[in-house]
Structures are given as structure tokens and as C-alpha cells.
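# Working through the structure, step by step
Below are the chains, spelled out letter by letter.
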Amino acid sequence: MNALQTDQQVPLHSFMRRAPISVAETDTIEAAVEKMSENHLSALPVIDDENCLKGILTVSDMLRMIRDAEQTLQADMAIYDESYLIVDLIRECLGSDAVSNVMSEATVVATQNDSVREVAQMMIKHQLHHVPVVNHDRQLVGIVSATDYVRFVAEMT
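If you're wondering where the values come from, they're calculated on a predicted model, not measured in any experiment. (Residues numbered from 1 in each chain as written. Predicted model: local features only at pLDDT ≥ 70, side-chain atom pairs only at ≥ 80, totals over all residues. Heavy atoms only, no water.)

This brings us to helix 2 (residues 29-39). Those residues of helix 2 not exposed but buried are Ile-29, Ala-32 and Met-36. Burial along helix 2 is one-sided: seen end-on, the buried residues are contained in an arc of 60°. Turned more than 90 degrees off the buried face of helix 2, the exposed positions are Ser-37 and Glu-38. Directly after helix 2, the chain includes His-40, whose backbone phi takes a positive value near 55°. (Buried < 20%, exposed > 50% of the residue type's maximum accessible area, 1.4 Å probe, protein only. Helix = DSSP H or I, 4+ residues; strand = E, 2+ residues; numbered from the N terminus. Arc of directions from axis to C-beta.)

Structure below.
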């Protein structure tokens with residue numbers, strides 16, 4: 001067995017990102033986009049008041065939302081006069097919605113004691129780039145991304 005095979009049995013808590021930046025389910029999309037932009041993130045775990053995981057908001061969720069809003073914009077554009085700024089229309093369609101209206105359910109989660117290999121297999125099977133890490137009460141304790149896994153492998157070689 002080579003070193004990489006042995007290292008894949010390492011528990012997730014040894015390389016996951018602890019206390020990840022998250023967003024409340026009641027926050028607006030605009031606030032979430034701001035957090036993602038400021039922190040160079042492509043996903044945010046969505047939590048409730050007790051820090052329990054409710055879902056995950058990803059760039060893919062936002063793209064789906066934009067596609068849906070584009071259809072609304074095309075349908076409603078004729079009713080707005082020239083004084084109404086297109087930027088305001090876009091904000092109205094996108095920014096004020098609650099994160100909970102756009103997020104994906106976090107149906108795939110990991111625990112701190114899952115192995116690196118188990119989480120990598122989950123990511124492949126479900127075609128995910130991010131997996132939230134929760135404790136037994138489903139409280140968010142970390143997150144692991146495909147980039148974290150690549151960094152882990154790079155440090156092992």
C-alpha cells in the first residue's frame with residue numbers, strides 16, 4: 001500500500017475547513033452574493049438560528065435562479081417604462097429573495113470521522129464540489145471542497 005492509499009483513511013476533521021463562512025436561511029440573495037464575492041467562495045452552507053444545516057447555496061443555484069429570472073424579465077419588460085432602470089428590475093427579481101428560496105437541500109453531508117476516501121467517493125457519486133460537515137445534531141462544523149481534497153493530495157506527494 002502506498003502513502004496516498006494510507007492517507008486516504010485519514011479522518012475528515014484533519015483537513016476540513018472548520019467554522020466555514022455561512023449564510024442564514026433568511027438572508028437575502030444579495031447578502032449571500034456579497035459574502036461569496038468578498039470571500040472568493042462558490043458555495044455557502046445555509047444554517048438556521050441554532051447553526052443547524054438547512055441547505056447549501058452554490059453558484060449553480062444562482063445560475064439557475066438567473067435563468068429563471070431572465071424569463072420573468074423578458075415577460076415583464078414591456079410593462080416598465082424607460083424611467084425604470086434595468087438594474088432595479090434585476091435587483092427586484094434576484095436580490096431581495098431569501099436564500100431559502102434558492103438553496104439546494106444538503107442531502108449529502110459528512111461527519112468529522114468520515115475518511116477522506118469516503119467523502120471523495122460521495123463527491124464523485126453525487127457530482128458535488130462541496131460537502132458540508134455536521135455533528136450528530138446536524139450542526140455545521142465544517143465544509144470540504146474539491147479544492148481541499150486536491151490540496152490534501154498535493155501535500156501528500
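A separate point is the sheet that holds strand 3 (residues 43-47). Read from one edge of the open sheet, three strands run 2-3-4, paired in mixed fashion. The open sheet has two edge strands, strand 2 (23-24) and strand 4 (53-58), and neither has a second partner. As judged from the five bridges shared by strand 3 and strand 4, these two strands associate in the antiparallel manner. In the sheet register, Pro-45 faces strand 4, and the bridge partner there is Ile-56. Together, strand 2, strand 3 and strand 4 form the strand contacts of helix 2, whose direction differs from that of strand 3 by roughly 135°. (Pairing = 2+ DSSP bridges. Contact = heavy atoms within 4.5 Å. Axes fitted to C-alpha atoms, helices over the stretch in contact; angles between N-to-C directions.)

Among the nonpolar cores identified, the biggest contains 15 residues, and Leu-12, Phe-15, Ala-110, Val-119, Val-131 and Val-144 are the most heavily contacted of them. At the level of elements, helix 5 (116-126), strand 5 (130-134) and helix 6 (146-156) are the ones that each hand at least two residues to this core. If you tally residues by element for this core, the top one is helix 5, at five residues. Discounting residues that sit within four places of it in the chain, Val-119 has contacts with Leu-12, Ala-110, Asp-114, Val-131 and Val-144. (Core = buried A, V, L, I, M, F, W, Y, C linked by side-chain atoms within 4.5 Å.)

Now for the sheet that holds strand 1 (residues 17-18). With respect to topology, three strands assemble into an open sheet ordered 1-6-5, the strand pairing being antiparallel. Of all the strands in the sheet, just strand 1 and strand 5 have a single pairing partner and so form its edges. Where strand 5 meets strand 6 (residues 140-145), five bridges bridge the pair, whose relative direction is antiparallel. Bridge pairing links Val-131 to Val-144 in strand 6. This element, helix 6, spans strand 1 and strand 6 of the sheet and lies at about 70° to strand 6.

It is worth spelling out a nonpolar patch on the surface at this point. A grouping of Val-59, Leu-63 and Ile-66 is seen on the molecular surface, where their side chains present a nonpolar patch of about 260 Å² in accessible area. For Val-59, the location among the structural elements is in helix 3 (residues 59-76). A residue is classified by how much of its surface remains accessible, and Val-59, at 36% relative accessible area, is partly exposed. (Patch = residues over 30% accessible without salt bridge, like charges linked within 9 Å, V, L, I, M, F, W, Y side chains within 5 Å. Areas by Shrake-Rupley, 256 points an atom, 1.4 Å probe, with all protein chains shown as cover. Salt bridge = Lys/Arg side-chain N within 4 Å of Asp/Glu carboxyl O.)

Across the six residues of strand 4, five count as buried, placing the element largely inside the fold. Where strand 3 folds back on strand 4, the antiparallel hairpin that results is connected by five residues, among which Asn-51 adopts a positive phi of roughly 65°.

Let us now look at helix 5. Working note: α-helix, 3.6 residues per turn, so residues spaced by three or four point in the same direction. Turning to helix 5, its buried residues are Val-116, Val-119, Ala-120, Met-122 and Met-123. For helix 5, the angular spread of the buried residues around the axis is 155°, confining them to a single face. Residues of helix 5 that are exposed and point more than 90 degrees away from the buried face comprise Ile-124 and Lys-125.

Glancing now at the side chain of Asp-48. Following the sequence through the fold, Asp-48 ends up in the loop between strand 3 and strand 4. No salt bridge is formed by the buried Asp-48; its nearest oppositely charged neighbour, Lys-54, is found at 4.3 Å. In terms of polar contacts, Asp-48 uses its side chain to reach the backbone amide nitrogen of Cys-52, at 2.9 Å. Dropping the residues within four chain positions of it, Asp-48 is found in contact with Glu-25 and Lys-54. (Lys, Arg positive; Asp, Glu negative; His and termini not counted. Polar contact = N/O pair within 3.5 Å; in protein donor to acceptor, adjacent residues only side chain to side chain.)

Geometric descriptors of this kind do not, in isolation, establish any biological role.
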